[in-house]
Amino acid sequence: SFSDGGKYTHLEMAINKAEQMVAEGADIIDIGGESTRPGAADVSVQEEIDRVIPLVTALKCEGITVSVDTSKPEVMEQAIQAGADMINDVRALSLPGAMEVMARYNKPVCLMHMQGQPRSMQNDPQYDNVVEEVYQYLEQRIKACVKAGINAEMISIDPGFGFGKNLSHNVALLNNLDVFKKLQKPLLVGMSRKRMIGEMTGKEVEERLAGSLAVALIAMQNGANIVRVHDVKETCDVKKIFLEMQ
């Protein structure tokens, strides 16, 4: 995670953290071996494999549902072979070979929208209509994936909060999440602790719990099916109250 990178780089620490999150109510543990925060450096295929696969293997031995956050087809393939239940790709299977891997294994995949690349995506993102453009991109990627042989029922979508978007773009997407339900795919969102919360509250990363809970609730109200968070226990309380009020 961009907000706690370095805390869980050792296998045993990562396993313990995952077990804690499951105990607190997490349904899926998302494992990423390459940071996608703005300005992040690239990681080689082998290094990402070395970081990710041992943790996937360990968590699957405990029966934990695992998602792997990667864009590299080589990592996708090895992760699935190690037992990963889902692939979460910020590049929406756009790298050569990625769609072919997912078509071959018939595993769930989340397609995310990103303008630009992680290293420079926040320099000056521009849209004429952010909701419409993100929607059209995701619609096109869904069609491309289905054409490549990926089961349409395996696809979920993520508008990509903070990935080539400024605060006004993020707010527009959050306010119009229900628009993406027209794509008839499960909707995943990830806003926990992100810059957009800091810009709205003036709080540093370690003080963004309340803001993260607020946007998680709004996302649920607007149609999000999966909420990717750091603070599992607190968000689960929000979810329970939200579901009770339905």
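Since the model is a prediction, treat every value here as computed from it, not as a measurement. (Residues numbered from 1 in each chain as written. Predicted model: local features only at pLDDT ≥ 70, side-chain atom pairs only at ≥ 80, totals over all residues. Heavy atoms only, no water.)

A. Broad picture of the overall build of the protein chain. In terms of regular secondary structure, the protein chain is built from nine helices and seven strands. Over its C-alpha trace the protein chain gives a radius of gyration of 17 Å, about what one expects of a compact globule, namely 18 Å for 246 residues. Taken across its 246 residues, the protein chain has 47% of its residues classed as buried. Restricting the contact set of the protein chain to residue pairs at least 6 apart, pairs at least 24 apart contribute 65%. As displayed, the protein chain has an accessible area near 12,100 Å², and 49% of this comes from carbon and sulfur atoms. Between the averaged position of the 26 positive side-chain charges in the protein chain and that of its 34 negative side-chain charges there is a distance of 2 Å. (Helix = DSSP H or I, 4+ residues; strand = E, 2+ residues; numbered from the N terminus. Rg over C-alpha atoms; globule rule 2.2 N^0.38 Å. Buried < 20%, exposed > 50% of the residue type's maximum accessible area, 1.4 Å probe, protein only. Contact = heavy atoms within 4.5 Å. Areas by Shrake-Rupley, 256 points an atom, 1.4 Å probe, with all protein chains shown as cover. Lys, Arg positive; Asp, Glu negative; His and termini not counted. Charge placed at Lys NZ, Arg CZ, Asp CG, Glu CD.)

B. Spatial organisation of the packing of helix H3 (residues 73-81) against helix H4 (residues 98-105). In the contact formed by H3 and H4, the axes pass within 8 Å of each other and the chain directions differ by 20°. With respect to each other, H3 and H4 are oriented roughly parallel. Crossing of H3 over H4 shows right-handed handedness. Contacts between H3 and H4 involve Pro-73, Met-76, Glu-77, Ile-80 and Gln-81 from the first element and Ala-98, Val-101, Met-102, Arg-104 and Tyr-105 from the second. Of the residues that constitute the contact of H3 with H4, the class distribution is seven nonpolar, one polar and two charged. (Axes fitted to C-alpha atoms, helices over the stretch in contact; angles between N-to-C directions. Parallel < 35°, antiparallel > 145°, perpendicular 65-115°, else oblique. Left-handed = near helix turned anticlockwise from the far one by under 90°. Nonpolar A, V, L, I, M, F, W, Y, C, P; charged D, E, K, R; others polar.)

C. Structural context of the sheet that holds strand E3 (residues 86-89). Spatially, E1-E2-E3-E4-E5 is the arrangement adopted by the five strands of the open sheet, whose pairing is parallel. Two strands lie at the open edges of the sheet, namely strand E1 (29-32) and strand E5 (155-158), each paired on one side alone. Strand-to-strand, the axes of this sheet are offset by a mean angle of 25°, without reference to chain direction. Relative to strand E2 (residues 66-69), E1 runs parallel, the two sharing four bridges. Pairing of Ile-31 across the sheet is with Val-68, part of E2. (Pairing = 2+ DSSP bridges.)

D. Up close: the packing of aromatic side chains. Considering all chains together, one arrives at one aromatic pair under this definition. Ring geometry for Tyr-135 against Phe-180: centres 6.0 Å apart, planes inclined by 40°, an arrangement best described as tilted. With Tyr-135 in helix H5 (residues 130-147) and Phe-180 in the loop between helix H6 (167-175) and strand E6 (188-189), this residue pair connects regions lying 45 residues apart in the sequence. A single burial state applies to Tyr-135 and to Phe-180, both of which are buried. (Phe/Tyr/Trp six-rings, centres within 6.5 Å; stacked < 30°, edge-to-face > 60°.)

E. Here's a closer look at the environment of Gln-20. Along the chain, Gln-20 turns up in helix H1 (residues 11-24). Taking the C-alpha atoms as reference points, Gln-20 and Leu-173, 153 residues apart in sequence, are found 31 Å from one another.

F. Up close: the nonpolar core. Of all hydrophobic cores here, the largest spans 58 residues; its most connected members are Leu-59, Leu-93, Met-102 and Phe-180. Apart from the residues lying within four places of it in its own chain, the contact partners of Leu-59 are Ile-15, Ala-18, Ile-29, Ile-31, Ile-64 and Val-66. Counting residues in hydrophobic clusters, the runner-up holds five residues, among them Leu-213, Ala-216, Met-220 and Phe-242. (Core = buried A, V, L, I, M, F, W, Y, C linked by side-chain atoms within 4.5 Å.)

G. Just the pairing of E5, in detail. Burial along E5 is two-sided: the residues Ile-155 and Ile-157 and Ser-156 and Asp-158 are all buried. Here strand E4 (residues 109-112) pairs with E5 via four bridges, running parallel. The partner of Cys-110 across the bridge, within E5, is Ser-156.

H. Highlighting the environment of Tyr-137. With respect to the helices and strands, Tyr-137 occurs in helix H5. Under the relative-accessibility criterion, Tyr-137 is labelled partly exposed at 23%. Each C-alpha atom, one on Tyr-137 and one on Pro-159, is 9.5 Å from the other, the two residues being 22 residues apart in sequence. Setting aside residues up to four positions removed in sequence, Tyr-137 forms contacts with Arg-91, Ala-92, Met-112 and His-113.

I. Molecular detail of the pattern of salt bridges. Summed over all chains, the structure comprises eight salt bridges. Among the salt bridges present, the one from Lys-72 reaches Glu-48, with a minimum N-O distance of 2.6 Å. Residue Lys-72 is found in the loop between E2 and H3, and its partner Glu-48 is found in helix H2 (residues 45-61); the two are separated by 24 residues along the sequence. With respect to class, Lys-72 is no different from Glu-48; both count as buried. In this structure, Asp-69 and Arg-228 form a salt bridge, with 3.4 Å as the shortest nitrogen-oxygen distance. Placement of the pair is Asp-69 in strand E2 and Arg-228 in the loop between strand E7 (226-227) and helix H9 (232-244), with a sequence separation of 159 residues. (Salt bridge = Lys/Arg side-chain N within 4 Å of Asp/Glu carboxyl O.)

J. Up close: H4. The set of residues buried in H4 consists of Ala-98, Met-99, Val-101 and Met-102. Looking straight down H4, one finds that the buried residues subtend no more than 160° of arc, so they occupy a single side. Next to the buried residues of H4 lie H3, E3, E4 and H5. (Arc of directions from axis to C-beta.)

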